[in-house]
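The chain contents come next:
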Amino acid sequence: MKTKVKICGIKTPDALRAACDAGARFVGFVFYPPSVRALSIDTAKELALMLPTGVRGVGLFVNPSDELLQGVIGKVQLDMIQLHGDESAQRVQEVKSLTQLEVMKALPIKAKSDLETIKTYEEVSDWILCDTPSAGYGGSGESFDWSILQGYQFTKPWMLAGGLTAQNVSEAISALSPSAVDVSSGVESERGVKDISQIKAFVKAVKCT
């Protein structure tokens, strides 16, 4: 499986096990209270301890304060920070320095001009995540125009997110060859509730591409 899978918004042991058993290589824990996928630090701590070797725990934050970051990483064993808000390139550097972890910056993609923004953040980020523009900072379940990214030569590993499902992920991978694909609402039976069978089907679809 060349393209790796990240299942984001994991909140329960069952969903975590399903993601890991299916072959996901990243699982995302949401530390953004307005999200229906947010979980407590204590729950995240327990789930992170369940991660098998080879599966990386990613903490998703939206415009986090230093205090929140330190409070989480002081208790939760994370491998990567995902910044999903309006963080500047300078803030990405600050978070890398503060946490001593890899940082992935999520960027909304809506026009060719956003390719210049990607270049700016590639200079300071370890990963780039290209997502659908959303007032709610992701999790909209909608795709963006993938053709915007066609031909762009990424200099860092990158994830594709936004409206991906078991039904369209093969098409997305064939079109863009991302380093990884990131799914949340696309493997849910209802908002914030992961569906075991959909997780399995999504990872299988990626493996078969």
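Our structure's up above, just so we're on the same page.
In this report, we go over the structure that sits alongside the text. Along each chain, residue indices are assigned from 1 in the same order as the chain's sequence is written. Residues qualify for local features only when their pLDDT is at least 70, as the model is predicted, and side-chain atom pairs are given and counted only at 80 or more; totals for whole chains, interfaces and linings, by contrast, use all residues. The side-chain values count all of the structure's non-hydrogen atoms but skip hydrogen atoms and water molecules.

### Side note on the environment of S125
Elements are defined by DSSP. Helices are runs of H or I of four residues or more, strands are runs of E of two residues or more, and each kind is numbered from the N terminus. Mapped onto the fold, S125 is located in the loop between α5 (114-122) and β6 (127-131). With 81 residues separating them along the chain, S125 and V206 place their C-alpha atoms 25 Å apart. The contact rule is simple, with two residues in contact once any of their heavy atoms fall within 4.5 Å. If sequence neighbours within four positions are ignored, S125 has contacts with V92, V103, K105 and K156.

### With respect to the side chain of Q82
For Q82, the location among the structural elements is in strand β4 (residues 80-83). Judged by relative accessible area, Q82 falls into the buried class, the value being 1%. Look past the residues within four positions of Q82 in its chain and what remains in contact with it is K6, V58, G59, L60, F61, M104, L129 and D182. When a residue's accessible area, from a 1.4 Å probe over protein chains only, is under 20% of the maximum for its type it is buried; when over 50% it is exposed; and in between it is partly exposed.

### So, the pairing of strand β3 (residues 56-61)
Residues in a regular strand project their side chains so that they alternate between the two faces of the sheet. Across the six residues that make up β3, a large majority, five, are buried. Strand pairing is assigned whenever DSSP detects at least two bridges linking the two strands. Relative to β3, strand β2 (residues 26-30) runs parallel, the two being bridged by five bridges. From the neighbouring strand, F29 faces β3, where its bridge partner is G59. For the crossover from β2 across helix α2 (residues 41-49) to β3, the handedness is right-handed. Relative to β4, β3 runs parallel, the two being bridged by four bridges. Among the inter-strand pairings, V58 is bridged to a residue of β4, identified as M80. With the strands aimed away from the viewer, a crossover counts as right-handed if its path from the first strand over the helix to the second runs clockwise. After leaving β3, the chain enters helix α3 (residues 66-73) and then returns to the sheet as β4, a path that is right-handed.

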